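# Examination of the molecular architecture
Listed below are the residues making up each chain.
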Amino acid sequence: VAVDNFGINLGVSTDILGVTRHVTTPDMGCYEFSVSPFDVGVYTLDAPGNSGCYTNSETIQTTIKNLGSAIIDFSTDNVTVTCDIAGPITTSVSTVINTGTLAPGATLQVNLAPSVDLTANGIYTFDAYTTFALDGNPTNDAITTETRTVGPVAGTVTSSLPSICVSGTPSL
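One structure accompanies this document, and this report is about it.

This brings us to the overall build of the chain. Within the chain, the secondary structure is distributed over zero helices and nine strands. Secondary structure elements of the chain occur, N-terminal to C-terminal, as β-β-β-β-β-β-β-β-β. Considering only contacts within the chain whose residues lie at least 6 apart along the sequence, 62% involve residues at least 24 apart. Roughly 9800 Å² of accessible area belongs to the chain as shown, and the carbon and sulfur atoms make up 56% of that amount.

Looking now at the pattern of salt bridges. Following the criterion strictly, the structure yields one salt bridge and no others. Residues Arg 148 and Glu 146 are paired through a salt bridge, measuring 3.0 Å at the closest nitrogen-oxygen approach.

Side chains of Ile 16, Leu 17, Val 19 and Tyr 31 sit close together on the surface and give an oily, nonpolar patch of about 420 Å² of accessible area. Within the secondary structure layout, Tyr 31 lies in the segment before β1 (40-47).

Attention now goes to the pairing of strand β4 (residues 79-86). As paired strands, β4 and strand β5 (residues 91-97) are joined by seven bridges and run antiparallel to one another. Residue pairing for β5: Val 81 is matched across the bridge by Thr 95. Hairpin connection of β4 to β5: four residues between the antiparallel strands, including Gly 87 at a positive phi of 140 degrees. As judged from the seven bridges shared by β4 and strand β8 (residues 122-131), these two strands associate in the antiparallel manner. For Thr 80, the partnering residue across the bridge sits in β8 and is Thr 131.

Given two aromatic rings, one states the distance between the centres and the angle between the planes to describe the pair. Scanning all chains against the criterion turns up one aromatic pair. Centroid distance Phe 38 to Phe 132: 6.4 Å. Interplanar angle 75 degrees. Geometry classified as edge-to-face. Of this pair, Phe 38 sits in the segment before β1 while Phe 132 sits in the loop between β8 and β9 (146-150), and the two are 94 residues apart along the sequence. The exposure class assigned to Phe 132 is buried, which follows from its relative accessible area of 7%.

Moving on: the environment of Pro 26. With respect to the secondary-structure elements, Pro 26 resides in the segment before β1. Spatially, the C-alpha atom of Pro 26 lies 6.3 Å from that of Asn 9, the residues being 17 residues apart in sequence.

Thresholds, definitions, all that
- Think of each chain on its own: its residues are numbered from 1, step by step along the sequence as written.
- It should be noted that, the model being predicted, local features are given only for residues of pLDDT at least 70 and side-chain atom pairs only at 80 or more, the latter also being counted only at that level, while totals for whole chains, interfaces and linings use all residues.
- Side-chain metrics rest on all non-hydrogen atoms present in the structure, leaving aside hydrogens and water.
- Secondary structure elements are taken from DSSP: a helix is a run of H or I of four residues or more, a strand is a run of E of two residues or more, and numbering for both begins at the N terminus.
- Throughout, a residue-residue contact means that at least one pair of heavy atoms, one from each residue, lies within 4.5 Å.
- Method for areas: the Shrake-Rupley scheme with a 1.4 Å probe, in which residue coverage is limited to the protein chains shown.
- Salt bridges are defined by distance alone: a side-chain nitrogen of Lys or Arg within 4 Å of a carboxyl oxygen of Asp or Glu.
- To count toward a patch, a residue needs a relative accessible area above 30% and no salt bridge. Like charges then connect within 9 Å, nonpolar side chains (Val, Leu, Ile, Met, Phe, Trp, Tyr) within 5 Å.
- At least two DSSP bridges between two strands are needed for those strands to be called paired.
- Aromatic contacts are taken between Phe, Tyr and Trp rings whose centres are within 6.5 Å, Trp giving its six-membered ring; a plane angle under 30 degrees counts as stacked, one over 60 as edge-to-face, and the others as tilted.
- The buried label applies to any residue whose accessible area, calculated with a 1.4 Å probe on protein chains only, is under 20% of its type's maximum; exposed applies above 50%, and partly exposed to all values in between.

Just distances and angles here, no functional claims.
What follows is the structure in structure tokens.
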């Protein structure tokens with residue numbers, strides 16, 4: 001987005017693919033391109049973190065980013081953020097954003113519902129993505145699959161303590 005229409009015409013009329021360049025404000029670099037005015041995608045998975053110690057009521061949290069060139073007004077153009085979770089449990093959580101605005105290049109942290117029980121040992125995968133009717137580039141709506149590992153995956157550990165999370169010394 002930052003290089004769209006910010007070039008100076010140096011007399012090169014076509015880009016590397018033969019596409020005609022804009023006469024007064026070509027794109028910087030060797031490709032002429034257009035940025036969709038409406039384009040939003042999941043930017044990061046913020047929670048759960050990588051601690052490996054989770055509760056039976058974890059909130060899944062993502063950050064979305066406006067990748068387009070126009071302000072998104074959620075009151076008129078809703079965006080749904082979804083995260084599909086697989087592993088010891090399989091579920092989907094989501095939130096519809098229907099208030100506020102998001103400027104081009106800006107981000108917004110989003111809590112998804114309902115909360116999820118991540119106490120079972122194993123490896124969880126998280127696939128987070130947006131759904132937006134006006135999205136001009138659906139190829140960038142999702143993040144790469146993220147994984148979180150809970151508890152010991154191999155072997156058995158016993159303790160006289162009912163639970164240990166981050167601190168404490170078990171007596172084995």
